[in-house]
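# Notes for the structure review
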Amino acid sequence: MKKLNTIPSADGFRMPGEFERHSGTYMIWPERPDNWRLGGKPAQQVFTKVANAIGRFEPITMCVSRGQYDNARNMLADYVKVVEMSNDDSWMRDCGATFVIDDKGNKRAIDWTFNAWGGLVDGLYFPWDQDDKVAMKMCELEQVDRYRLDDFILEGGSIHVDGEGTLLTTEECLLSEGRNSHLTKEEIEKVLCDMLNVSKVLWIKNGIYNDETNGHVDNICQFVKPGVVVLAWTDDENDPQYAISKAAYDYLSNETDAKGRKLEIHKMYTPSPILITKGESSGVDAVDGTLPRKEGDRLAASYVNYYTGNGFVALPIFNDPNDEKAIALLKELYPDREIVPIYAREILLGGGNIHCITQQVPDVQVK
Ligand code: KQY
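Keep in mind the model is a prediction, meaning the values are calculated, not measured.

Criteria and thresholds
- Residues numbered from 1 in each chain as written.
- Predicted model: local features only at pLDDT ≥ 70, side-chain atom pairs only at ≥ 80, totals over all residues.
- Heavy atoms only, no water.
- Salt bridge = Lys/Arg side-chain N within 4 Å of Asp/Glu carboxyl O.
- Helix = DSSP H or I, 4+ residues; strand = E, 2+ residues; numbered from the N terminus.
- Buried < 20%, exposed > 50% of the residue type's maximum accessible area, 1.4 Å probe, protein only.
- Pairing = 2+ DSSP bridges.
- Axes fitted to C-alpha atoms, helices over the stretch in contact; angles between N-to-C directions.
- Contact = heavy atoms within 4.5 Å.
- Expected span 1.5 Å × (residues − 1).
- Near = heavy atom within 4 Å.
- Polar contact = N/O pair within 3.5 Å; in protein donor to acceptor, adjacent residues only side chain to side chain.
- Areas by Shrake-Rupley, 256 points an atom, 1.4 Å probe, with all protein chains shown as cover.
- Nonpolar A, V, L, I, M, F, W, Y, C, P; charged D, E, K, R; others polar.
- Phe/Tyr/Trp six-rings, centres within 6.5 Å; stacked < 30°, edge-to-face > 60°.
- Lys NZ or Arg CZ within 6 Å of the ring centre and 35° of its normal.

### Description of the pattern of salt bridges
If you walk through the whole model with that rule in mind, you get 25 salt bridges. The partner of Asp162 in a salt bridge is Arg261, with the nearest N and O atoms 4.0 Å apart. You can see Asp162 sitting in the loop between strand S8 (160–161) and strand S9 (166–170) and its partner Arg261 sitting in the loop between helix H9 (240–253) and strand S13 (264–269), a full 99 residues away along the chain. For Arg261, a relative accessible area of 28% gives the class partly exposed. The salt bridge involving Glu164 is made with Arg261; its shortest N-O contact spans 2.9 Å. Taken together, the residues span a long stretch of sequence, with Glu164 in the loop between S8 and S9 and Arg261 in the loop between H9 and S13 at a distance of 97 residues. Salt bridges linked by common partners bring Asp111, Asp132, Arg146, Arg148 and Asp150 together as one network.

The following block contains the structure:
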C-alpha cells in the first residue's frame, strides 16, 4: 500500500465521528507483565469479553503476538478474526491508524508517530517501535493508503471528532513536553485541521485526574453526535476531579462547534475513587522505564471511555453505584443502540479502558 505525501483535507478526506457506520474494529491482545498483573491473564479475560461483545455487532480483528496466538485463538469466539502482529502493548486506540473517508467511497488512514505517551520525557514504557508499526500493518490488512507523519506525535485517544468539522482535545496532552513541543499550539491546530479536515478545535484544559496519558480527551469528554457531548463529572468539590470537570464544563458551555452550534453537555458521573490494591500492585512486574503500579494509587476511572459501534455502545463499569446512572444516561442518549456494560477494572488497572483498547474502521460513504 502507498505512503502518501499529500494533505487529506485537500484530497477531500475527513475523519468521521465514531458514531458513524463502521466496517469493523481492531484490538490488540494484552500480555506485557510490567503493565498487566499476573502476566495479563485477568486482562485477557476482559479483552475477550469486549471483543466477543463487539463481534456480535460488527467485524472484529484481534492482533496478537506470536507467543500468545494459540491462547488468544482459543479464548476468543470463532467470529473474532485473530491475526499475528508484533506489538509493545495493547492500546489500539493510541498506536492504531486513524481512518479517513471521502464522499466517493474511498478510505485512507493517518499513521501518526507513536512514542508511548511522551517518549523519553515521560513515556510509559520503552521501546515502542513495534507499536509504531501497528498503524502501517492495519493499513496493509485493510488495503488502504496512508499518510505517514514522521514528525508529529499523536495518539487516537487524544482526539474526538464530530465528523462535521469539530475536534475535541486537551491542552494537557497535546501541548505536553513529550509530544510536539517543537510546535506552537497554532501549528498543532493546523496539523489537526489539515489531517482530519476539521475547522474548529475545542481545547479542554485537562483530562481526568491522574490519567497517565497526560489527560487524553477520550476519558473525559466525547461526542454522542454533532452538537452533543458527555463530560465526566463529580459533585464532590473536595475531589480534585471537580475543578477539572467544572473548568471543562464552563469552557464548553461558552463555545460553539464548527457549525456555530452551542453544545448540549451531559454530565456523566464518575465512579467513587478507585485505588490500586496491594494484591493488584504485587501482581505487576516492576521494570525500570515502565510506569510503576503502586498500592493506593488512584486510577483514572471514567465511564466516558466507552466505545460506540454499529448498533451498540460498550460501556466500562466498576461495580459502583454510579454504574446504573451511566447505563441510564447512555440509554437515553443512544435510544437505537444496545448498551453493553462490561466490568472493566482489569483494563483500568492497565491505565485505560474500553475506548483505549479499540479502534474503529469507518465504512465508506457515497454522497
Ligand atoms: O489510552 C490509554 N488510556 C492508554 C494508557 C496506556 C497505559 C500504558 N500503561
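Still more to cover.
### Re the sheet that holds S13
Read across the sheet, three strands follow the order S11-S12-S13 without closing on themselves; strand pairing throughout is mixed. What marks the edges here is a single partner per strand, and that holds for strand S11 (221–225) and S13. On average, adjacent strands in this sheet sit at an angle of 30° to one another, irrespective of strand direction. Bridge analysis of strand S12 (residues 228–233) against S13 gives six bridges, and the strand direction is parallel. Across the sheet, residue Trp233 finds its bridge partner in S13, namely Tyr269. Of the strands in this sheet, S11, S12 and S13 touch H9, which is tilted by about 160° from S12.

### A look at helix H8 (residues 185–196)
Across its 12 residues, H8 extends 16 Å between first and last C-alpha, which sits within 8% of the 16 Å expected from 1.5 Å per residue. Following H8 by one or two positions, Asn197 adopts a phi angle in the positive range, close to 65°.

### Comments concerning the environment of Ala301
One can find Ala301 in the loop between helix H10 (278–282) and strand S14 (307–309). With 207 residues separating them along the chain, Ala301 and Asp94 place their C-alpha atoms 18 Å apart. Leaving out residues up to four positions away in the same chain, Ala301 has contacts with Thr270, Pro271, Ile274, Phe318 and Leu348.

### With respect to the site of the ligand
As a matter of local geometry, the ligand sits amid 13 residues, with Asn35, Asp94, Glu212, Gly351 and Cys356 nearest to it. Arg293 is positioned with one of its side-chain polar atoms (N or O) 3.2 Å from a nitrogen atom of the ligand. In the model, a nitrogen atom of the ligand is placed 3.1 Å from a nitrogen or oxygen of the Gly351 main chain. Relative to its free-state accessible area of 300 Å², the ligand is covered by the protein chains to the extent of 98%. For the shell around the ligand, the class distribution of residues is four nonpolar, six polar and three charged.

### Topic: the packing of aromatic side chains
Within this structure, the stated rule accounts for 12 aromatic pairs. Seen from their ring centres, Tyr306 and Tyr334 are 5.9 Å apart, and the 85° between their planes marks the pair as edge-to-face. On the criterion of sequence distance, the pair formed by Tyr306 in the loop between H10 and S14 and Tyr334 in the loop between helix H11 (322–333) and strand S16 (338–343) is long-range, its members being 28 residues apart. Per residue, the accessibility class of Tyr306 equals that of Tyr334, and both read buried. Put simply, the rings of Trp36, Phe47 and Trp91 touch in pairs and so form one group of aromatic residues. The ring of Tyr125 has Arg32 lying over it, and the distance from NZ or CZ to the ring centre is 4.3 Å. One Lys or Arg, Lys267, reaches over the ring of Tyr249 and ends 4.8 Å from the middle of that ring.

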